[in-house]
Amino acid sequence: MAKNKQNKNSLGALRKQEKKLGYVFASPWLLGLGIFGAFPILASLYLSFTRYRMVGTPAWIGLANYRALFFNDSIFWTSLYNTLYHVFLSVPLGLIVGILLALLLNTRIRGIGIYRTLFYLPNVVSIVAMSLLWLWLFQPNFGLINQVLLPVYNLLDMEPLGWYRASNLSKLTIVLMGLWTAGGSMIIYLAQMQDIPRDYYEAAEIDGANGFQQTIKITLPLMTPSIFFNFIMGIILGFQVFAVAYIMTQGGPGRSTYYYGYYLFDKMINDNNMGQASAMAWVLLVVTLIITLLALTLNKYVFYLGEQD
Amino acid sequence: MKKIALITLMLITVFTLAACNREDIGDRIEIEFWHMSPVGSESYSGMRRIVREFNESQEEYFVRGTGINFWDYWDRVNIAIASGNAPDVGYHTLDNVILRASNQALYNISDMIQADIDNDVDTIDTSVFLDNQLEFASYDGDLYALPFSATVRMLYYNLDLFHDAGLTEADVPTNWDELYTVAKQIDDVDGNTINVLGFDPSFGEGWYHQYLWTAGLDFFDEDLNPTLNTDRHLEILEWMYTFNEEYPRSTLDAFGEANEMLGINPFAAGRVGMMIATDGLYETLRPLEGELNYGVAPIPLPDEDGVRVNWGSGFSIELYDNGDAERRDGAWAFLKYIMDYDTQLDLADTIGWLMSNIPAMEAYAEGNEILEAFVNELDYAIDKVYVPYAPNWHAIDWDQFFQQGLSGELTAEQVLQQARNLYIEKRENYEAAN
C-alpha cells in the first residue's frame, strides 16, 4: 500500500516536471502569440465594432457591421456558401486521396523513396506557379486535360467541360487542383503506418486475413489519429482558401469562386472598410470554431495506440 | 578562441556593410519619398539620379527614396497611412484623394502655396496642371495633393492590317458604325480559329463606363445614386456583348486567353487590328519601332451626338501629415522640385509616364506623333468619380457581373440589374454605418 502511494507520488512529480518542460518548450511560441498575435487579434475585435476606412480614427458603431453582413449583404452569404462548399468537398477528397497514396506507397519496392519524393514534391512548389500551371492544364479550349478527354467528349457527344471558366464547375476545379498536394498529408499517414507493429499483421496472417482485410481491420483503425489530425487541419485551412482563387479565377466566373477570405480581402483593400473586414474575420473564426468543435466529437472514434488499457 | 574571433569578424563585416548602406547626411533633415522605381527596374537609376540631384542642391534636407514595385505599392502605402507610418512624400491614386484629405492624413497644399506667396518665395504654379485633375486633388475648396501623372486611353490601329484589308489611315473609325464596318473588314477567321480580330469593345482598356461617358451617361447620378437603369445603358452594354456575336464565345475566349496566357499583347503581336489602350502600350511597342506600323486616334464616339471624353486616370503626389513641421517643410521643398518643368520632363523620360505638368509634356511629346496625340487628348480627360460606399465600383464590383454577361450566363439586362442592386445594397450599408 505504502509502495503504491510512493509510486503514485513519484509519478505525479514526473508528470509535473513533464508539464513544466512542456511549457518551457512551448514558451517561444506562447510568447510570440502573446506579443505579436494577441494585440492584432484584440485590435481586430475592437475594429469590428467600428467604422474604420484605413485612414483617420475608428468610430464606434456597435453591431452595425455585423448587422450589415448578416442582413444586407448578399455577397457575404455567397462567399460563405462557396467556402463551405470548398471545405465539405476538399476535406474528404483530400483525406481519401492522401490515404490511398499512403497505402500505395507503403510497400517495399525498389525506388519507393523516389516515388514518395515525387508525390510530395507539389507541396514545395509555390502556390503561384502551381496555379498558373493548372490554369494551362484546365484551359477549356487548348488545355491538356480537355485534349486528353476529347475522345470521351466525342463518345458522349458532349461539349468539353469549361472547368474554371464555368461557374458550375469552377469550385470543383479548384478542389481537384488542390488534390495535387495530397502528398503532404500522405507523408503523415506513411509515418504513422511505419509505426504500426508488425506483430498485428503477422497475427492476422496466421488467422487467414488477406491484404484487404488487414488494411481495413488493422491499418486504417490504427491510422485514425493522423486521419483525424489531417481532418481538423483540412477544415481550418479549407476555410482560409484564397490565393488559388485570387490567382486563377479572380473570384469568378460570376463570383462562383469568390471565397470568404477573398471577400474579406476586398472589403479591406478595395473597399477600405476595415471595420467590416474585421467583423468578417470574427465571423469566420466563430464558424471555423463551431465546425471544428463538431468535428472534434469524432475523437471518440480515434484509436490511440499507446493509450489502450 | 577561433570561434569567437570568427564571430567578431562576421559581426564587424555585417555592421560595416550596414553602415556603408546609409549615406552620411550630417545634420540634414531626412525626408522619406516612396516611388515606383524599385531596384532592378529600368527607371531605378534615373529616379535615383533625380533624387540625388535634389540632395546635392540641399543643405537643409535629404530625401531618401524608396522604390516599391507597383503591385506591392498600394498595400504598403495604405497600411503605412493607416498605422501612421506613411512616408513624407508618396504617390497615390488621384481619384480618392478626398478619402485621405477628409481624414486628416494629408497636408493642405493650398496653405503651403499661400505661405510661399506671402513670403515672396517661388512656389508651384498650378495653372500648368489640368483643371479636372486639380479638382480631384481638392477637398473642401483646398488642394490636398497634386496630380503627378496623367493617363488617357486612345484607339491604337495597326496600319499593316489596315492595308491587308484594303483600308488606309483615312478609314480610321470615328464612330461606332464605322468601327464595326472597319473591324469586320479586318477580321480573319478560319473556322473556329481567329487569326486576326478587327476589334472587340472589351479588349484592352475598353471599359463600359468609358463607353457610357461618350454617350453622356454614367454609373451614378450627381448624388451618387446608381443609375444603370435606362434603355441606353442597356443598348450600350448589348453593343459590347454583341460586337463579335458571329463568333462563338468559346472561340473569342480562346483567342483572348491565348494572348493572356502567353503573356503577349494582342495588338503588339498583330492579332487585333484596333485596340483601346493607354500610353503604356506605346512604351511596350517602342522596341518594335520599324516592325509595327501603327497609329493612334481618339476613341470612336457612339454617333454624331457623342461626347468626346476620356477616362484620364492618374497618380497623385501627396504630403502625408506625420505631425513634424520640419519634415513637412522638407517634403514641400522636394515636392516643388519634383513638380517643376525640368524635373517633370526628366521624369517622363525616366519613368515613361505622361506627367501632369502639361507644358513639360508638350515639350516632351514634340515631334513624336503618338505622344503628341496623347498629350492633346489630355484636354478631354476626366477621372472616375470617387464613390465612398463603393470605391471599387468600376472594378470587381462591376466586373464579376460584366464577365457573366460576356460568357452568356446573364443577359445584359440582368447584369445591369444585379450590379445596380449591389450598389444600392452597398450604399444602404454605408449609410447605416455612417
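Residues numbered from 1 in each chain as written. Chains lettered and ligands numbered in written order. Predicted model: local features only at pLDDT ≥ 70, side-chain atom pairs only at ≥ 80, totals over all residues.

Student: Whenever I open this one, the overall build of chain A confuses me. Can you help?
Tutor: On a plain count of helices and strands, chain A comes out with 13 helices and 2 strands. What you see for chain A is a C-alpha radius of gyration of 25 Å, clearly larger than the 19 Å of a compact globule of 309 residues, by over 25%. If you line up chain A on its principal axes, its C-alpha atoms span 70 × 65 × 30 Å. Here chain A, with 309 residues, has 30% of them falling under the buried criterion. Within chain A, counting contacts between residues at least 6 apart in sequence, those at least 24 apart form 70% of the total. (Helix = DSSP H or I, 4+ residues; strand = E, 2+ residues; numbered from the N terminus. Rg over C-alpha atoms; globule rule 2.2 N^0.38 Å. Buried ≥ 20, exposed ≤ 12 C-beta atoms within 10 Å, placed from the backbone. Contact = placed C-beta atoms within 7 Å.)

Student: What's the story with the sheet that holds strand β6 (residues 146–147) of chain B in this structure? I'm lost.
Tutor: Strand pairs in the sheet, formed through backbone hydrogen bonds, run parallel or antiparallel to each other. All names here are of chain B. Taking strand neighbours across the sheet as the criterion, the 5 strands line up as β2-β1-β3-β13-β6 in an open arrangement whose pairing is mixed. At either margin of the open sheet sits one strand with a lone partner, and together these are β2 (61–67) and β6. Across 7 bridges, the pairing between strand β1 (residues 29–35) and β2 is parallel. Note on β2: the bridge partner recorded for E30 is F62. Its contacts with the sheet place helix α2 (residues 44–56) against β1 and β2, and it is angled at close to 170° to β2. (Pairing = 2+ DSSP bridges. Axes fitted to C-alpha atoms, helices over the stretch in contact; angles between N-to-C directions.)

Student: Looking at this structure, how should I read the domain arrangement of chain A?
Tutor: Size of an interface: often given as the accessible area lost when the parts come together. By the assigned domains, chain A splits into domain 1 (1–47) and domain 2 (66–307). In this structure, domain 1 of chain A and domain 2 of chain A have C-alpha centres spaced 32 Å apart. (Domains from an automatic or database assignment.)

Student: What's the story with the confidence of the model for chain B in this structure? I'm lost.
Tutor: Do not read the predicted coordinates in detail wherever pLDDT is low. Per-chain confidence: chain B averages 91 in pLDDT, with 96% of residues scoring 70 or above. Prediction confidence for the complex, expressed as pTM and ipTM, is 0.85 and 0.83 respectively. (pLDDT = per-residue confidence, 0-100.)

Student: Any chance you could explain the pairing of strand β3 (residues 89–93) of chain B here in plain terms?
Tutor: The side chains of a regular strand alternate, first on one face of the sheet and then on the other. All names here are of chain B. With respect to burial, β3 is a largely interior element, 5 of its 5 residues being buried. Of the two faces of β3, the one carrying V89, Y91 and T93 and the one carrying G90 and H92 are both buried. With 2 bridges connecting them, β1 and β3 associate as parallel partners. Residue pairing in the sheet places F33 in a bridge with V89 of β3.

Student: Help me understand the domain arrangement of chain B in this model?
Tutor: Under the domain assignment, chain B is made up of domain 1 (25–151 + 313–382), domain 2 (153–199 + 248–311) and domain 3 (201–242 + 387–434). Look at where the C-alpha atoms of domain 1 of chain B and domain 3 of chain B centre, and you get two points 32 Å apart.

Student: Looking at this model, I keep getting lost on unusual backbone geometry. Mind explaining?
Tutor: With the exception of glycine, the majority of residues adopt a negative phi angle, and the majority of peptide bonds are in the trans configuration. Residue and element names in this part refer to chain A. Cis geometry is found at the peptide bond from G252 to P253, where omega equals -5°. Structurally, P253 is set in the loop between α11 (243–248) and α12 (260–269). The phi dihedral of Q250 falls on the positive side, at around 50°, and the residue is not glycine. With respect to the secondary-structure elements, Q250 resides in the loop between α11 and α12.

Student: How do you make sense of the interface of chain A and chain B when you look at a structure like this?
Tutor: Listed as interface residues are 29 residues of chain A and, on the opposing side, 29 residues of chain B. The set of elements that each furnish at least two residues to the side of chain A that touches chain B consists of α2 (64–71), α5 (127–137) and α12 of chain A. Here the side of chain A that touches chain B is composed, by residue class, of 10 nonpolar, 12 polar and 7 charged. (Nonpolar A, V, L, I, M, F, W, Y, C, P; charged D, E, K, R; others polar.)

Student: Sorry, what's going on with the environment of A:V124 here?
Tutor: All names here are of chain A. On the secondary structure map, V124 appears in the loop between α4 (112–120) and α5. Note on V124: 9 C-beta atoms within 10 Å, which makes it exposed. Considering only alpha carbons, one finds V124 and V302, 178 residues apart in sequence, at a separation of 30 Å.

Student: Mind showing me how you'd approach the environment of B:L371 here?
Tutor: Residue and element names in this part refer to chain B. Mapped onto the fold, L371 is located in helix α16 (residues 369–377). Among the residues examined, L371 registers 19 C-beta atoms within 10 Å and is labelled partly exposed. Beyond its immediate stretch of four places on either side in the chain, L371 contacts Y364 and A365.

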